[in-house]
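# Summary of the model geometry
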Amino acid sequence: MGASSRVASRCRSSEDCEHFLVQSCVCVYTNQRQLSIQSDGKLSFGNYTSTDRFRRRTSLNWVQKNGKSNGFHQPRPRGEDSFEQAPMYVAVLTYMGFGIVTLFGYFRDFLRAIGLEKCHQAQEREEQKDFVPLYQDFENFYTRNLYMRVRDNWNRPICSLPGPVFDLMERVSDDYNWTFRLTGRTIENVINMGSYNYLGFAENNVDFLKTVAEKTKQYGVGVCSTRQELGNLSIHEKLERLVAEFLGMESAMAFGMGFATNSMNIPALVGKGCLILSDELNHTSLILGARLSGATIKVFKHNNMQSLEKLLKEAVCSGQPRTHRSWRKILIVVEGIYSMEGSLVRLPEIIALKKKYKAYLYLDEAHSIGAVGPTGRGVTEHFGVDPKDVDILMGTFTKSFGAAGGYITGKKELVDYLRCHSHSAVYATAMSPPVVEQIIRAMKCIMGVDGTTEGQRRVRQLAENTRYFRSRLQEMGFIIYGNKDSPVVPLLLYLPGKVGAFSRAMLKRKIGVVVVGFPATPITEARARFCVSAAHTRDMLDKVLQSLDELGDHIRVKFSRHRPSIRPELYDKMDFELDR
C-alpha cells in the first residue's frame, strides 16, 4: 500500500488528515528542544504551529509547467543528511598512514640537511636566515613532504570547453612533482565529474549563445570602470531586475566575483558590537568576511539547532562580554548546500529560530541556486518557505548559470545601502557585458520566459541524475555524505595514500575527479567530491559508476556497513518521481 493510500485510509476529513500528519511529524522532530505539543494537540515550533503550516500549504499555488513562479511552491521532504561513520579500523589506519608519511618526511629532511638528497624548494638567502619566516615550520613541512607526493592531482591544464567531457594536456614530472613538463599529447573526452556545471549552461552551442555574441558586439568585453563611475550599463540593471524577479525579492545587486560577494559585503553589514553566528562548515569566503567585519564570531555545530539556539539564548540574555550591553545585530550565517559535505541547510528551523530571537539571516546559495527546488530557485523553494523570510539572500552565477560573479538580494533599503557601502561595489570593476548576458540567457531559460521548456528539463534532469548517482554509490558500499537531493556528492577515501591513487586511476579510465584532503577537510576525512550535472547522460554516469565499482574493490574504499539491496529495476528512468 502506498503512502497516499495509507493516509487516505486513516483520514476521513481534513481535520483527521491534519491530526495524522502532525502525529507522523512527532517522530522526526522529537530530538528538537523547540518541539512542544500545545494543549489543543497542535505541534508547535517556536511561534509556528502545524495548523498554520497546514493551512498555508493548502493555499499555495502550484508551479506552472514553464517554470514561472506563482507565490510559494509545494514543499518537498527535506530528507536526512547522511554522515555515516567509518569503521574504527579505518580511522586507526588513517592516523597510522599520516604518522608513517610524517616520519619519512623528517627522515628526508635529514637527508637534505646533510646533502644526500637535493632540495628543490626555494630557500632563503644566507643573509635572511635571521628574518621571521613567512610560513610556520609545519606548513613548510606539510607542503614539502606530504602535498608534493600528490601534487599531480591538482591544477591539471584543460584545453577544451569544461562541459560534461573535456580534453586534458598530458604532463609528467621528472623530479617527484616539484616541476612539470607537457608531453605535447592530449587526453581527449575525459568525463568531467568535478565542475560545478550543474545545469550544463557552460556550453558552446552556437544557437544558445547568439544573444551573448550580439551583446559582445554591442558593449565589448571590458567595462574598465566601477558601477559608481562610468561602468553602470543598462544590461547590469536589467540583470538585477531579473534576479529579483526570479527569486521573488524586492531588489538585487550583482557583483563581478562570487568570493568577494561574501568577503566584501559582510563587513558592510556588521561591525564592532555585532555578533555573527556561523555554521562550523561555512565556506572560506564567509569566514573571511566575518573576520574582516570586526564583529564577534561564535561557531555552532553543523546544522545543529540545539547548538544554534543555545548561542542565541546566551546572546540575548547575556549581551556583550564585560559590558553586557545588547548586541547591535545578531547575524546567522549559513549555506544552502555545503560544498564539501553535500548537506542541505535546515532552513525552516533556522527561520523559526531567527524570528523567535529577533536575529538576521544571511543565506549563501552558491551551490543551491539552480540546483535544487522544483524550478531551480534554491533551498527556499525546496523547503517551501517565503524567500522574504531570509534577510540577506546571496548566490553566485559561477555554477548553475555557467558564468561568473555573484548577487545579493533583499529589501530595497538593504540593497541601496550596499551600493554605497560595499567595497565590492565601490572599488571593483563592473561585470563584463558578455558574462552578464550569459547569466540573463540562462536565467530566462530556467524561468521559461524564452518560450521553451529547456530550462525546466535541465532542472528535472539534474534531480534525476543526482538521485540515480547517489543511490548506485550507496548500493555499491561507498560511504557518501550529504542529502539525497544534493548534486554535490562527497565519496570518503580517508587514507592519505588512497587519495592520489584514486585520482590517478580514475584519470587512466578517462574520468576527471576532484580529490580533497587536509587542510580543506578534517585530517581523517579525505574524499573525492563529485558534482553531478544535467549535461551528464545516463551512459556517462554508468561508465563512471562501473569504474568506481571496480576501483573501489581494487583499492578497498568500500567502507559502508549499510548496503541497500541490489534491485536494478529501481533505476529505470521512469521510476523517478519528480516535481513537475
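As shown above, the structure is provided for reference.
Reference entry: report on the structure contained in this document. (Residues numbered from 1 in each chain as written. Predicted model: local features only at pLDDT ≥ 70, side-chain atom pairs only at ≥ 80, totals over all residues. Heavy atoms only, no water.)

Moving on: the overall build of the protein chain. Broken down by element type, the protein chain carries 19 helices and 16 strands. Relative to its 580 residues, the protein chain shows a buried fraction of 50%. Relative to all contacts within the protein chain whose residues are 6 or more apart in sequence, the contacts with residues 24 or more apart total 71%. Summed over its atoms, the accessible surface of the protein chain is roughly 28700 Å², and 54% of this surface lies on carbon and sulfur atoms. (Helix = DSSP H or I, 4+ residues; strand = E, 2+ residues; numbered from the N terminus. Buried < 20%, exposed > 50% of the residue type's maximum accessible area, 1.4 Å probe, protein only. Contact = heavy atoms within 4.5 Å. Areas by Shrake-Rupley, 256 points an atom, 1.4 Å probe, with all protein chains shown as cover.)

The next point concerns the packing of aromatic side chains. Counting across every chain of the model gives nine aromatic pairs. Centre to centre, the rings of Tyr106 and Phe141 are 4.4 Å apart; their planes meet at 25 degrees, and the pair counts as stacked. With Tyr106 in helix α4 (residues 88-113) and Phe141 in helix α5 (residues 137-145), this residue pair connects regions lying 35 residues apart in the sequence. Judged by its relative accessible area of 48%, Tyr106 is partly exposed. Among the aromatic side chains, those forming a connected cluster through ring pairs are Phe397, Phe401 and Tyr407. The ring of Phe201 has Arg458 sitting right over it, with the charged end atom 4.4 Å from the ring centre. (Phe/Tyr/Trp six-rings, centres within 6.5 Å; stacked < 30°, edge-to-face > 60°. Lys NZ or Arg CZ within 6 Å of the ring centre and 35° of its normal.)

Bringing the sheet that holds strand β13 (residues 488-494) into the picture now. Sheet architecture is open: three strands sit in the order β13-β16-β15, paired in antiparallel fashion. Of all strands in the sheet, those with a lone pairing partner are β13 and β15 (514-516), marking the two edges. In this sheet, neighbouring strand axes are inclined to one another by 30 degrees on average, regardless of whether the strands run parallel or antiparallel. Bridge count between β13 and strand β16 (residues 526-531): six bridges; the pairing is antiparallel. Residue Val489 lies in a different strand from β16, and its bridge partner there is Phe530. (Pairing = 2+ DSSP bridges. Axes fitted to C-alpha atoms, helices over the stretch in contact; angles between N-to-C directions.)

This next bit is on α4. Taking 1.5 Å of rise per residue, the 26 residues of α4 would be expected to cover 38 Å, and the 38 Å separating its terminal C-alpha atoms lies within 8% of that figure. Among all positions of α4, only Val90, Thr94, Gly97, Phe98, Gly105, Asp109, Leu111 and Arg112 are buried. Immediately beyond the C-terminal end of α4, within one or two residues, lies Gly115, with a positive phi of roughly 90 degrees. (Expected span 1.5 Å × (residues − 1).)

Turning our attention to the nonpolar core. Among the nonpolar cores identified, the biggest contains 103 residues, and Ile332, Phe397, Phe469, Phe502 and Phe530 are the most heavily contacted of them. The greatest single-element share of this core, amounting to eight residues, is contributed by helix α16 (residues 433-447). Contacts of Phe469, omitting those with residues within four sequence positions, involve Met193, Val489, Phe530, Val532, Leu541, Val544, Leu545 and Leu548. Formed by 21 residues, the second largest nonpolar core is a distinct cluster that contains Phe255, Ala290, Tyr362 and Val415. (Core = buried A, V, L, I, M, F, W, Y, C linked by side-chain atoms within 4.5 Å.)

Moving on, we come to a nonpolar patch on the surface. A cluster of nonpolar side chains, namely Ile100, Phe104, Phe107, Phe110, Ile114 and Leu116, defines an oily patch on the protein surface of about 650 Å² accessible area. Looking at the element boundaries, Phe110 is found in helix α4. Judged by its relative accessible area of 49%, Phe110 falls in the partly exposed class. (Patch = residues over 30% accessible without salt bridge, like charges linked within 9 Å, V, L, I, M, F, W, Y side chains within 5 Å. Salt bridge = Lys/Arg side-chain N within 4 Å of Asp/Glu carboxyl O.)

To continue, consider the packing of helix α18 (residues 496-508) against helix α19 (residues 538-555). The contact between α18 and α19 brings their axes to 11 Å, and the two run at 140 degrees. Overall, the two elements α18 and α19 adopt an arrangement that is oblique. When you trace α18 past α19, the crossing you get is right-handed. In this structure, α18 uses Lys498, Phe502, Ala505 and Met506 to contact α19, whose residues at the interface are Val544, Ser547, Leu548, Leu551 and Ile555. Here the residues of the contact of α18 with α19 are counted per class, giving seven nonpolar, one polar and one charged. (Parallel < 35°, antiparallel > 145°, perpendicular 65-115°, else oblique. Left-handed = near helix turned anticlockwise from the far one by under 90°. Nonpolar A, V, L, I, M, F, W, Y, C, P; charged D, E, K, R; others polar.)

The next thing to look at is the pattern of salt bridges. Under the criterion given, the structure shown has 28 salt bridges. Residues Arg112 and Asp109 are paired through a salt bridge, measuring 2.6 Å at the closest nitrogen-oxygen approach. Residue Arg112 and its partner Asp109 are both found in helix α4; the two are separated by three residues, about one turn of the helix. We note that Arg112, like Asp109, is buried. Residue Lys356 pairs with Glu309 through a salt bridge whose shortest N-O separation is 3.2 Å. Of this pair, Lys356 sits in helix α12 (residues 347-356) while Glu309 sits in helix α11 (residues 305-318), placing them 47 residues apart in sequence. We classify Glu309 as buried; its relative accessible area is 2%.

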